[in-house]
Amino acid sequence: MTFRTLDDASDLAGQIALVRVDFNVPMEGGKVTDDTRLRAALPTIQRLRDAGAKVALLAHFDRPRGKVVPEMSLRPVVQPLSDLLGAPVRFAEDCVGEAAKAAVAELDAGGVILLENVRFHAGEEKNDPAFAQQLAEVGDLYVNDAFSAAHRAHASTEGLARLLPAYAGESMRRELEALDAALGNPVKPVIGIVGGAKVSTKLDLLKNLVGKLDRLAIGGGMANTFLFAQGIDIGGSLAERDMADTAREILAEAEARGCEILLPIDVVVATEVKPGAETRTVLAREEIGDEEKILDAGPLTVEKLVKGMALSRTLIWNGPLGVFEVPPFDAATVKAAQAAAQLATTGALIAVAGGGDTVAALNHAGVADDMTFVSTAGGAFLEWMEGKPLPGVEALRT
Ligand code: AMP
């Protein structure tokens, strides 16, 4: 994988670095409630400061749709960022124009300024070349550290990278390296776990994976659709019964491409999705009641999956194996996550996970820190798993 990083940037002293970060943080009543994304930007900011650059941070917040919406200002981010950095952070009321240019010019070497929400301008999401040009006039070079926004071709993620010398920041670099190790150039054999609610939202992802993996475990609600497609009784389970043909096509494609599919061989059923509900564990081929729902994979399935992981060198995981938010339907997800984490800790398995609920599921299992890499990027991670080029990453290629 070849993309420009800060290692390729020479003589940064006195240069103005426009750094695209993801500061779309959870906020309540004007206060940042989770600073994970601010922390993620620190290595890049610090590296640029150490090199004597002037750092101008560019970010979006929420969806103002091209208008100035005061409640969607990035100003509340200034203080928590400054506290984390241990240095003052200035703020500019606009990300382009004379005021922005003047504020940035006033910075000392190593100084940091946060520019106002880039989505206050309609040109941002349209990737308008004139707006990208206005952004380019604020800085000397461009650093993209926002992998989670890289699936969008916006002015601050794509257009701008074409106008200034452009580099991947430290978080972006870590993310790209992990993703490459999981799916681009992985150590084989590779096993995938795809779970979650629906087949329809992960169709492209499944199609891409069966062509690349040695084994693929399918779990969660989407496994019900596959079981149904094989003529198995799924009672009142969540499933997309109209996607049975598609499910069969994916199974046929997997067989043709030599990808072994692991579907649940036993399942946990209940009539109600509530904490501590009464459950039955049955073999997948057994009949279940019309009012019963499959809500988790059973222990035999987990055992088979763990064996599959032990036979593999690389794991790529998206989506829970059951309704993990409601115990006891978290059991299969938690056991599989713990097994993956244990293999990753000993170095036997490169375990990369990400996308939406997966991070929550791994945190729930208490193993997020033991995995090789956990991506917190939702949409960008999924599009990458689908094999789609990400515009923000493509623009950084050498
Ligand atoms: P996704 O966003 O597609 O990854 O789906 C995650 C959601 O799938 C979680 O909220 C789980 O509760 C849900 N889920 C997983 N397994 C099942 C199942 N067997 N039946 C219904 N929902 C499920």
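Here the structure is a predicted model, which is why all the values come from computation and not from measurement. (Residues numbered from 1 in each chain as written. Predicted model: local features only at pLDDT ≥ 70, side-chain atom pairs only at ≥ 80, totals over all residues. Heavy atoms only, no water.)

Describing the site of the ligand
Point 1. What surrounds the ligand is a group of 14 residues, the closest being Ala-197, Lys-202, Gly-221, Ile-294 and Glu-325.
Point 2. The separation between an oxygen atom of the ligand and a polar side-chain atom of Lys-202 is 2.9 Å.
Point 3. At a separation of 2.4 Å, an oxygen atom of the ligand approaches a polar side-chain atom of Glu-325.
Point 4. Burial of the ligand by the surrounding chains reaches 79%, relative to a free accessible area of 510 Å².
Point 5. For the shell around the ligand, the elements supplying multiple residues, two or more each, are helix 9 (220–229) and strand 14 (293–297). (Near = heavy atom within 4 Å. Polar contact = N/O pair within 3.5 Å; in protein donor to acceptor, adjacent residues only side chain to side chain. Areas by Shrake-Rupley, 256 points an atom, 1.4 Å probe, with all protein chains shown as cover. Helix = DSSP H or I, 4+ residues; strand = E, 2+ residues; numbered from the N terminus.)

Regarding the pairing of strand 1 (residues 16–20)
Point 1. Burial within strand 1 is extensive, with five of its five residues counted as buried.
Point 2. Burial along strand 1 is two-sided: Ile-16, Leu-18 and Arg-20 facing one way and Ala-17 and Val-19 facing the other are all buried.
Point 3. As paired elements, strand 1 and strand 4 (residues 54–58) share five bridges and run parallel to each other. Looking at the pairing, Val-19 lines up with Leu-57 of strand 4.
Point 4. Here strand 1 pairs with strand 7 (residues 141–144) via four bridges, running parallel. Residue pairing across strands places Arg-20 opposite Asn-144, the latter belonging to strand 7. (Buried < 20%, exposed > 50% of the residue type's maximum accessible area, 1.4 Å probe, protein only. Pairing = 2+ DSSP bridges.)

Quick notes on the sheet that holds strand 11 (residues 260–262)
Point 1. Taken in spatial order, the six strands of this open sheet run 11-10-9-15-16-17, and their pairing is parallel. In this open sheet, the two strands that pair with only one neighbour each are strand 11 and strand 17 (373–375). This sheet shows a mean twist of 15 degrees between the axes of neighbouring strands, independent of strand direction.
Point 2. As judged from the four bridges shared by strand 9 (residues 190–194) and strand 10 (residues 215–218), these two strands associate in the parallel manner. (Axes fitted to C-alpha atoms, helices over the stretch in contact; angles between N-to-C directions.)

Things to note about the side chain of Thr-333
Point 1. Examined against the element boundaries, Thr-333 turns out to sit in helix 12 (residues 331–345).
Point 2. A relative accessible area of 2% means that Thr-333 is categorised as buried.
Point 3. Thr-333 has contacts with Asp-296, Trp-317, Pro-320, Leu-321, Gly-322, Phe-324 and Ala-361, leaving out every residue within four places of it along the chain. (Contact = heavy atoms within 4.5 Å.)

Let's talk about the domain arrangement of the chain
Point 1. Segmenting the chain into domains produces domain 1 (6–173) and domain 2 (186–385).
Point 2. Between domain 1 and domain 2, a total of about 440 Å² is buried, with carbon and sulfur atoms accounting for 69% of that surface.
Point 3. The interface formed by domain 1 and domain 2 contains zero salt bridges.
Point 4. Considered class by class, the residues forming the side of domain 1 that touches domain 2 number one nonpolar, two polar and one charged. (Domains from an automatic or database assignment. Buried area = accessible area lost by both parts, 1.4 Å probe. Salt bridge = Lys/Arg side-chain N within 4 Å of Asp/Glu carboxyl O. Nonpolar A, V, L, I, M, F, W, Y, C, P; charged D, E, K, R; others polar.)

Side note on the packing of helix 8 (residues 203–210) against helix 10 (residues 244–256)
Point 1. Relative to each other, helix 8 and helix 10 sit at 15 degrees, their axes nearing to 9 Å. If you check the angle between helix 8 and helix 10, you find them roughly parallel. Relative to helix 10, the crossing made by helix 8 is right-handed. Across the interface between the two elements, Leu-203, Leu-206 and Val-210 of helix 8 pack against Thr-246, Ile-250, Glu-253 and Ala-254 of helix 10.
Point 2. Among the residues making up the contact of helix 8 with helix 10, the classes are represented as five nonpolar, one polar and one charged. (Parallel < 35°, antiparallel > 145°, perpendicular 65-115°, else oblique. Left-handed = near helix turned anticlockwise from the far one by under 90°.)

So, the pattern of salt bridges
Point 1. On inspection of all chains with the given rule, the structure shows 22 salt bridges.
Point 2. Among the salt bridges present, the one from Arg-162 reaches Glu-158, with a minimum N-O distance of 3.0 Å.
Point 3. One salt bridge connects Glu-260 with Arg-215, and the closest N-O pair in it is separated by 3.2 Å. One end of the pair, Glu-260, is in strand 11; the other, Arg-215, is in strand 10, and 45 residues separate them in sequence.
Point 4. Put simply, Asp-7, Arg-47, Glu-170 and Arg-173 are held in one network by salt bridges that share partners.

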